[in-house]
Amino acid sequence: MPENASGGSSSSSSLLIRSKNPRRCQAENPLKLLSEFAGPALRELIDATGNSRGFLQSGEQKALHTDRVLLRAGSPDEIAIVRWIFESFVRGKGETDIARELNARGAVNHCGVPWNLQMIGRILRNENYIGNTVYYRTSSYLRQRRVINGKAKWIRKEGALEQIVPRNVFDDAQRIIERRVRQHLSSDLLLKKLRVLQLRLGTLSADAINRAKGMPCASIYERRFGSLRKAYELIGFAPPGDYSYIDTRGECLSLVQQLAVGIGARVRGADSQLIAERTGGCLALKDGSFISLRVIRCWEHPQRHCRVWTLRRSAKQHPGIAVLVRLDEQNKVPLDYILTTRDRMPERPLIMTEAVVRKRFRNRFRRSTDLIRALKRRLSR
């Protein structure tokens, strides 16, 4: 880091906000890092007069509205890695071979994990390396899912960043990518390649497909056949493990939505708009708390030889009430509804038998109407 950076950072420590979760802070930053996978970009803090306050560290954000954050290029070693990736790709080397060679050379990215196909592909498509910034690729509104916008809606600012990759090299890389996308492989040929790989390895996975030389990437199979599991079925391969939860995911979501509509219509103070979460959803209450709705699937424990339900704590901990919908053996209809609080949710995944459920949760209801009636009584206290 330059000398003025360290001095500016110490003098402006009171003007920074340090996040308790640096990874979350980086994920919420709308700016695209210039060296996204080669290493952390330098984020320089500029005051209203144009003077530098130093460089922000990981997890730090500006605190003054008048300050600005400018992205600077990474170290010379990081820039050399990015340029080598583009030049190697233009000369005919594939993403997998590039990642394999970087790992063999011991080149480290800012994530601290080995290079892979997806990392190289994202670098090759990133316009930040030719000095452009592109905004509005995705959009998300309050309580709505993220939407991927078409290229016609993108907002592009050229020359906003320092260019570290020659424009002609970047354009050649884009032409290779577009030509490869237009090259259409028949479904029969895709399945033939997949069958040959399965016979050679004895098993299949997304990582194995991406690592195999001469194989289309796993995302192509997902787009062509709907999912990797459907492609596996067409070649007669059954992956180990129980993936039936994928087939019932839509039914579980519909069940949560129906329950949310019933609660929103009959419980005073509850918002009828469902806030979607990975394992269910939640409803906001007027007092600032939430009603969390979770679906718990049933599965057969191989050692205990009985039905069990796995209760996992959600990543987003909203204060308030939790409603657990326990499914039957076929995971089709609700077995019962459990009313509890969020602070009673386990810290770690809890495998529950029928006896554990009865001992741990007393407020269980067979019908959703009984659950809603109990919710109204609890909220009216």
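So, how was this worked out
Residues numbered from 1 in each chain as written. Predicted model: local features only at pLDDT ≥ 70, side-chain atom pairs only at ≥ 80, totals over all residues. Heavy atoms only, no water. Patch = residues over 30% accessible without salt bridge, like charges linked within 9 Å, V, L, I, M, F, W, Y side chains within 5 Å. Areas by Shrake-Rupley, 256 points an atom, 1.4 Å probe, with all protein chains shown as cover. Salt bridge = Lys/Arg side-chain N within 4 Å of Asp/Glu carboxyl O. Lys, Arg positive; Asp, Glu negative; His and termini not counted. Charge placed at Lys NZ, Arg CZ, Asp CG, Glu CD. Helix = DSSP H or I, 4+ residues; strand = E, 2+ residues; numbered from the N terminus. Buried < 20%, exposed > 50% of the residue type's maximum accessible area, 1.4 Å probe, protein only. Pairing = 2+ DSSP bridges. Axes fitted to C-alpha atoms, helices over the stretch in contact; angles between N-to-C directions. Parallel < 35°, antiparallel > 145°, perpendicular 65-115°, else oblique. Left-handed = near helix turned anticlockwise from the far one by under 90°. Contact = heavy atoms within 4.5 Å. Nonpolar A, V, L, I, M, F, W, Y, C, P; charged D, E, K, R; others polar. Arc of directions from axis to C-beta.

Engineer: What is the right way to look at a positive patch on the surface in this model?
Structural biologist: A grouping of Arg266, Arg268, Lys286 and Lys376 is seen on the molecular surface, where their side chains present a positively charged patch. Mapping lysine 286 onto the fold places it in the loop between strand E11 (280-284) and strand E12 (290-296). The exposure class assigned to lysine 286 is exposed, which follows from its relative accessible area of 76%.

Engineer: Just to check I follow, could you spell out the pairing of strand E2 (residues 42-46) for this structure?
Structural biologist: The two faces of the sheet receive side chains in turn, since in a regular strand these alternate between them. Counting buried positions along E2 gives four out of five residues, so the element sits mostly inside the fold. Two elements, E2 and strand E5 (residues 68-72), share five bridges in a ladder whose sense is antiparallel. Each residue of the ladder has a partner; that of leucine 45, found in E5, is valine 69. Relative to strand E3 (residues 52-56), E2 runs antiparallel, the two sharing four bridges. Bridge pairing in E3 places isoleucine 46 opposite serine 52. The turn linking E2 back onto E3 is made up of five residues, and glycine 50 within it adopts a positive phi angle of 90°.

Engineer: Whenever I open this one, the pattern of salt bridges confuses me. Can you help?
Structural biologist: Pairing is possible between side chains that carry opposite charge, provided their charged atoms lie close to one another. Under the defined criterion, the tally for this structure stands at 14 salt bridges. With a shortest N-O distance of 3.1 Å, aspartate 171 and arginine 167 are connected by a salt bridge. On the criterion of helical spacing, the pair formed by aspartate 171 and arginine 167 is a turn pair, its members being four residues apart in helix H6 (residues 167-182). Relative accessible area serves as the criterion here: at 41%, arginine 167 is assigned to the partly exposed category. Here arginine 358 and glutamate 354 are joined by a salt bridge, their closest N and O atoms 3.4 Å apart.

Engineer: Sorry, what's going on with the packing of helix H4 (residues 95-105) against helix H5 (residues 117-124) here?
Structural biologist: At a closest axis distance of 8 Å, the pairing of H4 and H5 adopts a crossing angle of 110°. The orientation of H4 relative to H5 falls into the category roughly perpendicular. Relative to H5, the crossing made by H4 is right-handed. Along its contact with H4, which presents Glu95, Thr96, Ile98, Ala99 and Leu102, the element H5 presents Leu117, Ile120, Gly121 and Leu124. Among the residues forming the contact of H4 with H5, the class breakdown is six nonpolar, two polar and one charged.

Engineer: Looking at this structure, I do not really get the sheet that holds E2. What am I missing?
Structural biologist: By way of backbone hydrogen bonds, the strands of a sheet pair with one another, either parallel or antiparallel. Here three strands make up an open sheet; going across it, the order is E3-E2-E5 and the pairing antiparallel. Across the chains shown, the open sheet's two edge strands, defined by having one partner strand only, are E3 and E5. Ignoring which end each strand starts from, the neighbouring axes of this sheet average 30° apart.

Engineer: Whenever I open this one, the sheet that holds strand E18 (residues 364-365) confuses me. Can you help?
Structural biologist: Spatially, six strands are ordered E10-E11-E12-E15-E16-E18 in an open sheet, and the strand pairing comes out mixed. At either margin of the open sheet sits one strand with a lone partner, and together these are strand E10 (275-277) and E18. Alignment of strand E16 (residues 334-341) against E18, held across two bridges, turns out to be antiparallel. By the bridge assignment, isoleucine 338 is partnered in E18 with arginine 364. Relative to the sheet, helix H12 (residues 249-266) contacts E11, E12, strand E15 (320-327) and E16, its axis offset from that of E12 by approximately 150°. Docked against the sheet, helix H14 (residues 368-379) engages E12, E15, E16 and E18, running at close to 10° with respect to E16.

Engineer: Is there a simple way to think about helix H9 (residues 218-225) in this case?
Structural biologist: Side chains that are three or four residues apart share a direction in an α-helix, a result of its 3.6 residues per turn. Regarding H9, the residues found buried are Ala218, Tyr221 and Phe225. Down the axis of H9, the smallest arc covering the buried residues is 60°, so these residues share one side. In this structure, the buried residues of H9 make contact with helix H7 (187-201), helix H8 (206-211) and helix H10 (228-234). With its phi angle positive at about 95°, glycine 226 sits one or two positions after the end of H9.

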